[in-house]
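The chain contents come next:
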Amino acid sequence: MENILNLRREELAKEISPKFRADQIFQWIYQKGAKEFEEMTNLPKKLRKELAERFTIEVPRILNVEVSRDGSKKYLLGLEDGHTVESVLLPMKGEERNEKGEIIREARYTVCVSSQVGCKVGCAFCLTGKGGFVRNLTPAEIVGQVVAIREDNGIPQNRRVNIVYMGMGEPLDNLENVAKAVTIFSDPYGLSISPRRQTISTSGLAPKIRKLGEMDLGVLLAISLHAVDDKLRERLMPINKAYNIESIIEAVKEFPIDQRKRVMFEYLVIKDLNDDLKSAKRLVKLLNGIKAKVNLIYFNPYPGTPFQRPSEERVRAFQRYLLDHGVLCTIRESKGLDISAACGQLKERSSECSL
Ligand code: SAH
Ligand code: SF4
């Protein structure tokens, strides 16, 4: 039987009659958290029975939660075939109230979702890559991560949630299912998470960046750049042999993006490897002509890695150089560091947890 979370609303509408019932089913699943078709009391009994015979409503099971001091939560989620993935809930800015105590801005959340069990790309600094590749996640398994986490935290329907595809896996290596998840997330009868609040992060599969652009989903793009010369990038990310820096930059230049938005370039700062101002200078040059935003990430060490965390002084100097040369640049707060929840470095811990 098929998991109904795999279907876009239009696809579901084709399966049932009358079609508008698909709207109600979406509301039940994504807005009211129904887990059985029997609960869908505004549907005719016959349809409920028919749905139950053809579909399941399957959401990943929460196996473990670790709460970090800063409030982020790392979830270990169990899939139907026994594999596990991890997702992280990052509470972003807190709610703001005016002097009368009225809420003027509600708290926002970001969910970092996984797109694959493992990853084929095998970057030298990444724990996910070390475990090898197991399989792609289905659209239902991607969407289900957010359904499970929203439910667990009682996040109300109208609360803004951002999605970053920065958990385990390379989303563009599972483009079809990721694209489907983007559409299901954004459905107004479902979770209503606009594509503009969804960021796909990639190690730089240039042809897939083009393909994603052609799909014109309206999502934001993040490039895991991490190095400004091909030699170092090849060492850190073997994928660079197939798609070098220039080919990525070209693909980014063609990528359709909302005028008010920017392409994010993630730059993992590693001590004595790419934390010098010469690199900063080359980065400025490389991004010339692109509406970019750089996000500096401290390398987060783990046992057995040859790489080291850079000094704060170096990272700040790097940031200052970019800002002084007209490139927007932020430093990623080390959210959830104490539970090693930093996205993209989840695999090893999860296999520890599942033992
Ligand atoms: N495969 C995609 C998305 C998942 S990785 C990609 O590579 O873009 C998400 C982020 O986690 C990447 O930017 C990666 O650089 C970061 N990351 C991986 N290992 C890390 C580590 N040890 N410390 C800090 N960030 C890490
Ligand atoms: Fe895969 Fe991204 Fe990790 Fe590289 S950084 S191994 S692409 S998950």
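Structure: above.
Keep in mind that this is a model prediction, so the values were computed, not measured.

Trainee: Could you clarify how one ought to interpret the packing of aromatic side chains in this entry?
Mentor: How two aromatic rings sit relative to each other is given by the distance of their centres and the angle of their planes. Summed over the entire model, instances satisfying the criterion amount to four aromatic pairs. When the ring of phenylalanine 299 is compared with that of phenylalanine 307, the centres are 5.9 Å apart and the planes differ by 85 degrees; the resulting orientation is edge-to-face. Among the residues examined, phenylalanine 307 registers a relative accessible area of 9% and is labelled buried. Linked through ring pairs, Phe299, Tyr302 and Phe307 together constitute an aromatic cluster. A cation over a ring is seen here: lysine 120 above phenylalanine 133, with NZ or CZ 4.7 Å from the ring centre. Positioned above the aromatic ring of tyrosine 298, the side-chain terminus of arginine 309 is 4.1 Å from the ring centre.

Trainee: What is the right way to read the packing of helix H10 (residues 277-286) against helix H11 (residues 312-324) from this model?
Mentor: How two helices sit against one another is set out by the angle between their axes and by the gap between those axes. Contact geometry of H10 with H11 gives a least axis separation of 9 Å together with a crossing angle of 30 degrees. One way to sum up the angle between H10 and H11 is to call them roughly parallel. Considering only the axes of H10 and H11, their crossing is right-handed. Along its contact with H10, which presents Leu277, Ser279, Ala280, Lys281, Leu283 and Val284, the element H11 presents Ala317, Phe318, Tyr321 and Leu322. Of the residues that constitute the contact of H10 with H11, the class distribution is eight nonpolar, one polar and one charged.

Trainee: Can you walk me through a nonpolar patch on the surface in this structure?
Mentor: On the surface, Ile62, Val65 and Val67 cluster together into a nonpolar patch covering about 210 Å² of accessible area. The exposed category is assigned to valine 67, whose relative accessible area is 54%.

Trainee: Hey, could you run me through the pairing of strand S11 (residues 161-165) in this one?
Mentor: In the case of a regular strand, side chains alternate between the two sheet surfaces. With respect to burial, S11 is a largely interior element, five of its five residues being buried. In S11, alternate side chains face the same way, and those of Val161, Ile163 and Tyr165 on one face and Asn162 and Val164 on the other are all buried. As judged from the four bridges shared by strand S8 (residues 109-112) and S11, these two strands associate in the parallel manner. Among the inter-strand pairings, tyrosine 109 is bridged to a residue of S11, identified as valine 161. Relative to strand S12 (residues 198-202), S11 runs parallel, the two being bridged by three bridges. The partner of tyrosine 165 across the bridge, within S12, is isoleucine 200. Taken together, S11, helix H6 (residues 175-186) and S12 form a β-α-β motif whose crossover is right-handed.

Trainee: Sorry if this is basic, but what is going on with the sheet that holds strand S15 (residues 292-298) here?
Mentor: Adjacent strands of a sheet pair through backbone hydrogen bonds, lying either parallel or antiparallel. The 10 strands are arranged S3-S4-S5-S8-S11-S12-S13-S14-S15-S16 in an open sheet whose pairing can be described as mixed. If you trace the sheet from one side to the other, it starts and ends with strand S3 (61-67) and strand S16 (328-331), each paired once. On average, each strand axis in the sheet is inclined to that of its neighbour by 20 degrees, with strand direction left out of account. Against the sheet, H11 makes contact with strand S14 (263-269), S15 and S16, and its axis sits at roughly 160 degrees relative to S16, the strand it touches most.

Trainee: Even after reading the chapter, I still don't get unusual backbone geometry, so can you show me in this structure?
Mentor: A negative phi angle is the norm for most residues apart from glycine, just as the trans form is the norm for most peptide bonds. For the peptide bond that leads from serine 17 to proline 18, omega is -10 degrees, which places it in the cis range. With respect to the helices, strands and loops of the structure, proline 18 is situated in the loop between helix H1 (9-15) and helix H2 (21-31). The backbone of aspartate 272 shows a phi angle near 60 degrees, a positive value even though the residue is not glycine. Residue placement: aspartate 272 occurs in the loop between S14 and H10. Overall, the relative accessible area of 56% leaves aspartate 272 in the exposed class.

Trainee: What exactly am I supposed to notice about the packing of helix H5 (residues 139-153) against H6 here?
Mentor: Their axes nearest at 8 Å, the elements H5 and H6 cross at an angle of 45 degrees. One finds that H5 runs oblique with respect to H6. Seen from above, H5 lies across H6 with right-handed handedness. Of the residues in H6, those in contact with Pro139, Ile142, Val143 and Val146 of H5 are Asn177, Val178, Lys180, Ala181, Ile184 and Phe185. Residue classes in the contact of H5 with H6 are distributed as eight nonpolar, one polar and one charged.

So, how was this worked out
Residues numbered from 1 in each chain as written. Chains lettered and ligands numbered in written order. Predicted model: local features only at pLDDT ≥ 70, side-chain atom pairs only at ≥ 80, totals over all residues. Heavy atoms only, no water. Phe/Tyr/Trp six-rings, centres within 6.5 Å; stacked < 30°, edge-to-face > 60°. Buried < 20%, exposed > 50% of the residue type's maximum accessible area, 1.4 Å probe, protein only. Lys NZ or Arg CZ within 6 Å of the ring centre and 35° of its normal. Axes fitted to C-alpha atoms, helices over the stretch in contact; angles between N-to-C directions. Helix = DSSP H or I, 4+ residues; strand = E, 2+ residues; numbered from the N terminus. Parallel < 35°, antiparallel > 145°, perpendicular 65-115°, else oblique. Left-handed = near helix turned anticlockwise from the far one by under 90°. Contact = heavy atoms within 4.5 Å. Nonpolar A, V, L, I, M, F, W, Y, C, P; charged D, E, K, R; others polar. Patch = residues over 30% accessible without salt bridge, like charges linked within 9 Å, V, L, I, M, F, W, Y side chains within 5 Å. Areas by Shrake-Rupley, 256 points an atom, 1.4 Å probe, with all protein chains shown as cover. Salt bridge = Lys/Arg side-chain N within 4 Å of Asp/Glu carboxyl O. Pairing = 2+ DSSP bridges. Right-handed = clockwise from strand over helix to strand, strands pointing away.

Coordinates in, geometry out; function isn't part of it.
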